[in-house]
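# Understanding the architecture of this molecule
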There are 2 protein chains.
Amino acid sequence: MEFKVELKRRQTDAEKIIYSFLPAEEGLQKTIFSAMNYSVKAPGKRLRPILMRETFLMFGGQDEVVLHHFMAALEFIHTYSLVHDDLPAMDNDDYRRGRETTHKVYGEAMGILAGDALLHHAFDTAAASFAVPGANPALIGRALKILTEKSGINGMVGGQVVDVEMEGKPLNAQQLDFIYRLKTAALLECAMMIGAVLAGAENEDVLKIEGIAGKVGIAFQIQDDILDQISTTEELGKPVGSDEKNHKMTYVVLNGLPQSEEAVKQMSEEAVADLDSFANEHGFLKELILSLIHRRK
Amino acid sequence: MEFKVELKRRQTDAEKIIYSFLPAEEGLQKTIFSAMNYSVKAPGKRLRPILMRETFLMFGGQDEVVLHHFMAALEFIHTYSLVHDDLPAMDNDDYRRGRETTHKVYGEAMGILAGDALLHHAFDTAAASFAVPGANPALIGRALKILTEKSGINGMVGGQVVDVEMEGKPLNAQQLDFIYRLKTAALLECAMMIGAVLAGAENEDVLKIEGIAGKVGIAFQIQDDILDQISTTEELGKPVGSDEKNHKMTYVVLNGLPQSEEAVKQMSEEAVADLDSFANEHGFLKELILSLIHRRK
């Protein structure tokens, strides 16, 4: 119970930060600003910005102003990827997080453009941190490179592409692992690495954090597949069984439910053990990672 | 004739630079890498990277390594905007620059993703310049902010949104000017400003360059509208009269051909006069700007 309250508080904090970087719904671009805000304000776990901030705090980060820019930027990137993923030419989903998807509300052209606009706005929000008084441009440069790399063609969007292209085709374990590493793990690595970098962590520690986040990411994606198969639409807020409907090869399809649940458990525990090797205080971060294997949506 | 040879040489140089930042067509993401390369390698004027480099040279810029990253980044952004603009849900164009559009060759899903991938890759290419030996992170930070801002929701993509939304609706001169400033002028401002910034130009001069590029941008867009009305498909490499077909309100529709041609001439001349107020050598830049009013494609 204590954890749930703590998590809720952090989600509220993260949303306050993220929303502060959204555009005001005025001017000639009003419609697209509204579509961007609609997309970002859909109920979400805010897992990536929370992971970023908790890692920042774990490494003794103090001044949060630059961090806030990157928290918002990462959530905008995550959101844009969902908006484009839902498009008719892609997964063609009408519901997401219990609400109509962006293109259902604003039309297909605006769905494409709202995603584009969010991606632009993500990098603009991150780049705006150079102007924060006292900001360290070299540190921001490192954080920005992590953001562009982990979300890019050898990260999230690369995984998304392979995922779409492989739909309906048989995949071996290695190919599936490749997709999961890029499509899902990359953005969690991005979150935790940027948190560490902005707190001034040593390079060696940033790489260790990357490894931990990678394991969390894979566990998180397998849990997603499990939920797609076992949840009800009401619990999940989107149609269940959509992977099967779309002939998607997932870890669950390849290995069955019991082995999938075991894999989630094992990888989460490994990640936590690696985390525990740090002397730094990380109580909430640990609970958060463990909670991912019990989540129901 | 001399100018055409000089321009051709610069285009060849720019393409060599831009292509060097494209991904190798290998690995599981091969299809998307191929779609990205197909899109970028379509014949183009390479106007933006050339303007960037010429402005850099005009301000005495020496070390070109960081500049090359930004030349490629800007051309990737320009290309992504064309790829998404051509999509069925947008302008629904089958031909661009004399070749089939990206989504016609690779399908609609890959068309969306190739555009996304190019936008990601643009910012990743720019951010990679932080790692160039001897690079100045503060200067790169300024250039990056210009890149994200001028291409973003208050720049290119913002203009694109308003353009799409206003289709078929009456526009007054002020609204049309707003769209042209964002949709077209913003990226030319971006090109010339980044060239100046990376060469170490004073803030005051960067702002003056922004004003010049803005005028060039508006002139360039009106000339585009003129060509859409008066060229043949063969000359232009894409269907002509598409503005009329799409019920697009343009400067030409609003003001007629003679006034439009006069506006292009006047704005180009103003831009050149402003440029001539700089003592710095800018012979080719001047010719380039003047050539824009005579272009036939």
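The structure presented is a predicted model; accordingly, all values stated were derived computationally and were not measured.

This part covers the overall build of chain A. The number of helices and strands found in chain A is 15 helices and 2 strands. Taken against the 2.2 N^0.38 rule, which gives 19 Å for 297 residues, the C-alpha radius of gyration of chain A at 18 Å falls within 12% of a compact globule. Here the C-alpha coordinates of chain A stretch approximately 55 × 50 × 40 Å along the principal axes. When each of the 297 residues of chain A is scored for burial, the buried share is 59%.

In this section: the interface of chain A and chain B. At the junction of the two partners, chain A supplies 51 residues and chain B supplies 51 residues. Buried area between chain A and chain B, both sides added, is near 4200 Å², and the carbon and sulfur share of it is 75%. Sorting the residues of chain A by area buried against chain B places Leu28, His120 and Ile153 of chain A first, and these three jointly supply 19% of that buried surface. We note a salt bridge from aspartate 124 of chain B to lysine 145 of chain A, for which the minimum N-O separation is 2.9 Å. Among the elements of the structure, helix H2 (30-41), helix H4 (65-85), helix H6 (108-127), helix H7 (137-151), helix H8 (156-165) and helix H9 (173-198) of chain A are those that each provide at least two residues to the side of chain A that touches chain B. Broken down by element, the residue count for the side of chain A that touches chain B peaks at 13 residues, all from H6 of chain A. Taken together, the residues of the side of chain A that touches chain B sort by class into 32 nonpolar, 13 polar and 6 charged.

Turning our eyes to something else, we now look at the confidence of the model for chain A. On average, residues of chain A score 92 in pLDDT, and 94% of them are at 70 or above. For this predicted complex, the interface confidence score (ipTM) comes to 0.94, while the overall pTM stands at 0.94.

With an axial shift of 0.0 Å and an RMSD of 0.0 Å, the rotation relating chain A to chain B amounts to 180°. As the rotation angle and translation indicate, the two copies are arranged about a two-fold axis. By C-alpha distance to the rotation axis, the residue of chain A lying nearest is proline 137 of chain A, at 2.8 Å. Counting the interface residues of chain A, we find that 100% of their copies in chain B are interface residues as well, pointing to one common contact surface.

By secondary structure assignment, the location of aspartate 116 of chain B is in helix H6 (residues 108-127). Excluding its chain neighbours within four sequence positions, the residues that come into contact with aspartate 116 of chain B are Tyr80, His84, Asp116, Leu119 and Val157 of chain A together with His84 of chain B.

Further remarks concern the pattern of salt bridges. Taken as a whole and judged by the stated rule, the model has 41 salt bridges over all chains. As a salt-bridge pair, aspartate 276 of chain A and lysine 286 of chain A come within 3.0 Å of each other at their nearest N and O atoms. Of this pair, aspartate 276 of chain A sits in helix H14 (residues 257-276) while lysine 286 of chain A sits in helix H15 (residues 283-291), and the two are 10 residues apart along the sequence. Note on aspartate 276 of chain A: relative accessible area 37%, which makes it partly exposed. Overall, lysine 286 of chain A belongs to the partly exposed group, its relative accessible area being 28%. Here arginine 10 of chain B ties to glutamate 6 of chain B by a salt bridge, and the two come within 2.6 Å at their closest N and O atoms. Of this pair, arginine 10 of chain B and glutamate 6 of chain B both sit in helix H1 (residues 2-19), 4 residues apart, which is roughly one turn of the helix. The network of salt bridges with common partners includes Glu6, Arg9, Arg10, Asp13, Arg53, Glu54 and Glu64 of chain A.

So, about the packing of aromatic side chains. Taken as a whole and judged by the stated rule, the model has 8 aromatic pairs over all chains. Ring geometry for phenylalanine 123 of chain A against phenylalanine 123 of chain B: centres 4.6 Å apart, planes inclined by 40°, an arrangement best described as tilted. With phenylalanine 123 of chain A in helix H6 and phenylalanine 123 of chain B in helix H6, this pair bridges two chains. Both residues of the pair, phenylalanine 123 of chain A and phenylalanine 123 of chain B, count as buried. Directly above the aromatic system of phenylalanine 284 of chain A lies the positively charged group of arginine 10 of chain A, at a separation of 3.8 Å from the ring centroid.

Where H8 of chain A meets H6 of chain B, the axes come as close as 10 Å, and the angle between the chain directions of the two elements is 165°. Relative to H6 of chain B, H8 of chain A is oriented roughly antiparallel. H6 of chain B is crossed by H8 of chain A, and the crossing has left-handed handedness. Contacts from Met156, Val157, Gln160, Val161, Val164 and Glu165 of chain A in H8 of chain A reach Ala109, Met110, Leu113, Asp116, Ala117 and His120 of chain B in H6 of chain B. Partitioned by chemical class, the residues of the contact of H8 of chain A with H6 of chain B number 8 nonpolar, 2 polar and 2 charged.

Within the largest apolar cluster, 163 residues are counted, with the highest numbers of intra-cluster contacts made by Phe70 and Leu147 of chain A together with Phe70 and Leu147 of chain B. Not counting chain neighbours up to four residues away, the residues in contact with phenylalanine 70 of chain B comprise Met52, Ala126, Ser129, Ile140, Ala143, Leu144, Leu147, Ile194 and Leu198 of chain B.

Once that is clear, we can look at the side chain of aspartate 116 of chain A. Of the side chains bearing the opposite charge, arginine 96 of chain B lies closest to the buried aspartate 116 of chain A, which forms no salt bridge; the N-O distance is 12 Å. Here histidine 84 of chain B takes part through its side chain, which lies 2.7 Å from a polar atom of the side chain of aspartate 116 of chain A. With sequence-adjacent residues up to four places away left out, aspartate 116 of chain A is seen in contact with His84 of chain A together with Tyr80, His84, Asp116, Leu119 and Val157 of chain B.

Here we take up H1 of chain B. All names here are of chain B. Its 18 residues place the ends of H1 26 Å apart at the C-alpha level, agreeing with the 26 Å of an ideal helix rising 1.5 Å per residue. Residues of H1 that are buried include every one of Phe3, Leu7, Arg10, Gln11, Ala14, Ile17 and Ile18, and no others. The buried residues of H1 occupy one face: seen down the axis, they fall within an arc of 125°. Opposite the buried face of H1, by more than 90 degrees, sit the exposed residues Glu2 and Lys16.

Let us now look at the environment of alanine 173 of chain A. In this fold, alanine 173 of chain A is placed in helix H9. Of the residues examined, alanine 173 of chain A reaches a relative accessible area of 54% and is grouped as exposed.

Residue and element names in this part refer to chain A. The residue glycine 115 is located in helix H6 in this model. Residue classification places glycine 115 among the buried residues on the basis of a relative accessible area of 0%. Sequence separation between glycine 115 and cysteine 190 is 75 residues; the distance between their C-alpha atoms is 20 Å. Excluding its chain neighbours within four sequence positions, the residues that come into contact with glycine 115 are Tyr80, Val83 and His84.

Scoring rules and cut-offs
Residues numbered from 1 in each chain as written. Chains lettered and ligands numbered in written order. Predicted model: local features only at pLDDT ≥ 70, side-chain atom pairs only at ≥ 80, totals over all residues. Heavy atoms only, no water. Helix = DSSP H or I, 4+ residues; strand = E, 2+ residues; numbered from the N terminus. Rg over C-alpha atoms; globule rule 2.2 N^0.38 Å. Buried < 20%, exposed > 50% of the residue type's maximum accessible area, 1.4 Å probe, protein only. Contact = heavy atoms within 4.5 Å. Buried area = accessible area lost by both parts, 1.4 Å probe. Salt bridge = Lys/Arg side-chain N within 4 Å of Asp/Glu carboxyl O. Nonpolar A, V, L, I, M, F, W, Y, C, P; charged D, E, K, R; others polar. pLDDT = per-residue confidence, 0-100. Least-squares fit on C-alpha atoms with pLDDT ≥ 70 in both. Phe/Tyr/Trp six-rings, centres within 6.5 Å; stacked < 30°, edge-to-face > 60°. Lys NZ or Arg CZ within 6 Å of the ring centre and 35° of its normal. Axes fitted to C-alpha atoms, helices over the stretch in contact; angles between N-to-C directions. Parallel < 35°, antiparallel > 145°, perpendicular 65-115°, else oblique. Left-handed = near helix turned anticlockwise from the far one by under 90°. Core = buried A, V, L, I, M, F, W, Y, C linked by side-chain atoms within 4.5 Å. Lys, Arg positive; Asp, Glu negative; His and termini not counted. Polar contact = N/O pair within 3.5 Å; in protein donor to acceptor, adjacent residues only side chain to side chain. Expected span 1.5 Å × (residues − 1). Arc of directions from axis to C-beta.

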